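Structural features, examined
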Amino acid sequence: MAELKNDRYLRALLKEPVDVTPVWMMRQAGRYLPEYRATRAQAGDFMALCRNAELACEVTLQPLRRYDLDAAILFSDILTVPDAMGLGLYFEAGEGPRFERPTDTIDAIKKLSIPDPEDDLGYVMRAVSTIRRELNGQVPLIGFSGSPWTLATYMVEGGSSKAFEKIKRMMYAEPAALHMLLDKLADSVVLYLNAQVANGAQSLMIFDSWGGALSHAAYREFSLRYMQKIVDGLTRFADGRKVPVTLFTKGGGLWLEAMAETGCDALGLDWTVDIADARRRVGHKVALQGNMDPSVLYAQPERIAQEVETILAGYGEGSGHVFNLGHGIHQFADPEHAGEFVKSVHELSAKYHK
Ligand code: CP3
């Protein structure tokens, strides 16, 4: 394997010295880029794009051609795992993800089997190894999955949800059923992420996009507990380097201490969190990733740079910060503004790394 030419992202996650703060963007390969829309059209639809290793590799690399990003993220989706469990994932135009066969009863949950990542999710593994090869050591490759709780919300609700009516009913009325589902998902995710590492992923991120919908107690019982199980089961070394693990609970700002206790390397922060406060609370234990509101990209470059400076100053001096947006880049963000954002992070952060 080619030596890494730029390892700032991995170094910052382990709090090793860096020259400037590394930066990447959640959903950096996506619809805001015209070249992404063209490649998706060529593939036919979103899932066809995910299933084609060459085209998935192409869209992964597109943002890296435009911007001086410090990491690449596998182009895929968190919902590939429930799809491989037999739920039948499809995307309804304008309505987001849907499942043909939701798992909203204990009988359906009992029947679920744990996917073999090299077989049932072999197309993801082929994308990982293709991207790693084509990156040729330019920057590290991030692998990812959804958290068990976040995957379960889609599986039980049958798609995206606002009120989480079905899964919350299950959580309080039939907790054993939900625990069985979450446990199967945690086992599936461990196998899936370890296979991503075996195929070339150099860092791992777990997206708990809906953990913030839980109560204080329920977060620990139904989300964090299963992310803990995953962290405990992951391969943490590959190619003679540590494989850092980042946990991101959107809306999880109140629970950073508990998250940092899991033994992960870094926490992703959404924009509701004051990064200075987060560093005081957990910065001795973990690195921090985040956390600019993606909507700032609607503003002019000067305003974007101002916001970047505020966040850099909030984190302060030294390593342990990976700059990112607090959630995915918006579909209608201006690609030029995304470029200004990445440039500002590198230019404005050098003074914090002397
Ligand atoms: O560049 C990257 O970040 C890599 C690829 C990536 C995608 N999805 C591609 C995608 C990643 C890391 C994800 C994670 C993901 N998927 C999450 C966790 C992060 C988050 O946003 O909270 C979640 C909850 C999903 C589930 C999902 N996939 C939804 C809700 C949707 C529809 C939402 C929308 O914006 O329409 C998707 C589809 C999806 N996944 C798209 C992309 C680029 C858009 C689909 C398209 O091109 O039509």
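Heads up: the structure comes first, above all this text.
Okay, so let's go over this structure. (Residues numbered from 1 in each chain as written. Predicted model: local features only at pLDDT ≥ 70, side-chain atom pairs only at ≥ 80, totals over all residues. Heavy atoms only, no water.)

A separate point is the overall build of the protein. Along the backbone of the protein there are 15 helices and eleven strands. Its C-alpha radius of gyration of 19 Å places the protein within 12% of the 20 Å reference for a compact globule of 354 residues. By principal-axis analysis of the C-alpha atoms, the protein measures approximately 60 × 45 × 40 Å. Counting across all 354 residues of the protein, residues that qualify as buried make up 59%. (Helix = DSSP H or I, 4+ residues; strand = E, 2+ residues; numbered from the N terminus. Rg over C-alpha atoms; globule rule 2.2 N^0.38 Å. Buried < 20%, exposed > 50% of the residue type's maximum accessible area, 1.4 Å probe, protein only.)

The strands that make up a sheet pair up through hydrogen bonds in the backbone, lying either parallel or antiparallel. Pairing in this open sheet of seven strands is parallel, and the strands run 1-4-5-8-9-10-11 from one edge to the other. The two strands at the open ends of the sheet, each matched to only one other strand, are strand 1 (72–73) and strand 11 (321–325). Judged from the three bridges that link them, strand 8 (residues 245–249) and strand 9 (residues 266–268) form a sheet pairing that is parallel. Counted as the bridge partner of Leu247 is Leu267 from strand 9. Across the sheet, helix 10 (residues 175–198) touches strand 4 (141–146) and strand 5 (203–208), and the angle it forms with strand 4 is around 170°. (Pairing = 2+ DSSP bridges. Contact = heavy atoms within 4.5 Å. Axes fitted to C-alpha atoms, helices over the stretch in contact; angles between N-to-C directions.)

That bond from Gly290 to Asn291 is cis: its omega, -5°, falls within 30 degrees of zero. Phi is positive for Lys15, close to 60°, though the residue is something other than glycine. Within the fold, Lys15 resides in the loop between helix 1 (8–13) and helix 2 (34–43). Here the phi dihedral of Asn136 falls at roughly 50°; this positive angle occurs in a residue that is not glycine. With respect to the secondary-structure elements, Asn136 resides in the loop between helix 7 (122–135) and strand 4.

What follows is about the site of the ligand. In the region of the ligand, 21 residues are neighbours, and Arg31, Tyr36, Arg40, Ser209 and His327 sit closest. Contacts to the ligand include Arg31, whose side-chain N or O atom sits 2.4 Å from an oxygen atom. Calculation on the ligand without its partners gives an accessible area of 880 Å², and the protein chains cover 87% of this total. Of the residues belonging to the shell around the ligand, the class tally is 13 nonpolar, four polar and four charged. (Near = heavy atom within 4 Å. Polar contact = N/O pair within 3.5 Å; in protein donor to acceptor, adjacent residues only side chain to side chain. Areas by Shrake-Rupley, 256 points an atom, 1.4 Å probe, with all protein chains shown as cover. Nonpolar A, V, L, I, M, F, W, Y, C, P; charged D, E, K, R; others polar.)

Right, let's get into the packing of helix 4 (residues 53–66) against helix 7. Contact geometry of helix 4 with helix 7 gives a least axis separation of 8 Å together with a crossing angle of 45°. Judged by the inter-axis angle, helix 4 sits oblique to helix 7. The handedness of the crossing between helix 4 and helix 7 is right-handed. Note on element contacts: helix 7 touches helix 4 through Arg126, Ala127, Thr130, Ile131, Arg133, Glu134 and Leu135, opposite Ala53, Glu54, Ala56, Cys57, Thr60, Leu61 and Leu64. In terms of residue class, the contact of helix 4 with helix 7 is made up of eight nonpolar, two polar and four charged. (Parallel < 35°, antiparallel > 145°, perpendicular 65-115°, else oblique. Left-handed = near helix turned anticlockwise from the far one by under 90°.)

This part takes up helix 15 (residues 335–349). Between its terminal C-alpha atoms helix 15 stretches 22 Å, which fits the 21 Å expected from 15 residues at 1.5 Å a residue. Every buried residue belonging to helix 15 is among Pro335, His337, Ala338, Gly339, Phe341, Val342, Ser344, Val345, His346 and Ser349, and all of these are buried. Looking at the buried positions of helix 15, the neighbouring elements they touch are helix 1, helix 2, helix 4, strand 10 (287–292), helix 14 (301–315) and strand 11. Capping of helix 15 at its N-terminal end is provided by Asp334; its side-chain oxygen lies 2.8 Å from the backbone amide nitrogen of Glu336. (Expected span 1.5 Å × (residues − 1).)

Axis angle and axis distance: for two packed helices, these are the angle between their axes and the distance between the axes, and together they describe the pair. Here helix 8 (residues 148–157) crosses helix 9 (residues 165–173) at 110°, and the two axes come no closer than 8 Å. In terms of orientation, helix 8 lies roughly perpendicular with respect to helix 9. When you trace helix 8 past helix 9, the crossing you get is right-handed. Taking contact as the criterion, the partners of Trp149, Ala152, Thr153, Val156 and Glu157 in helix 8 are, on helix 9, Glu165, Lys166, Ile167, Met170 and Met171. Classifying every residue of the contact of helix 8 with helix 9 gives six nonpolar, one polar and three charged.

Note that all results are geometric; they support no functional claim without further evidence.
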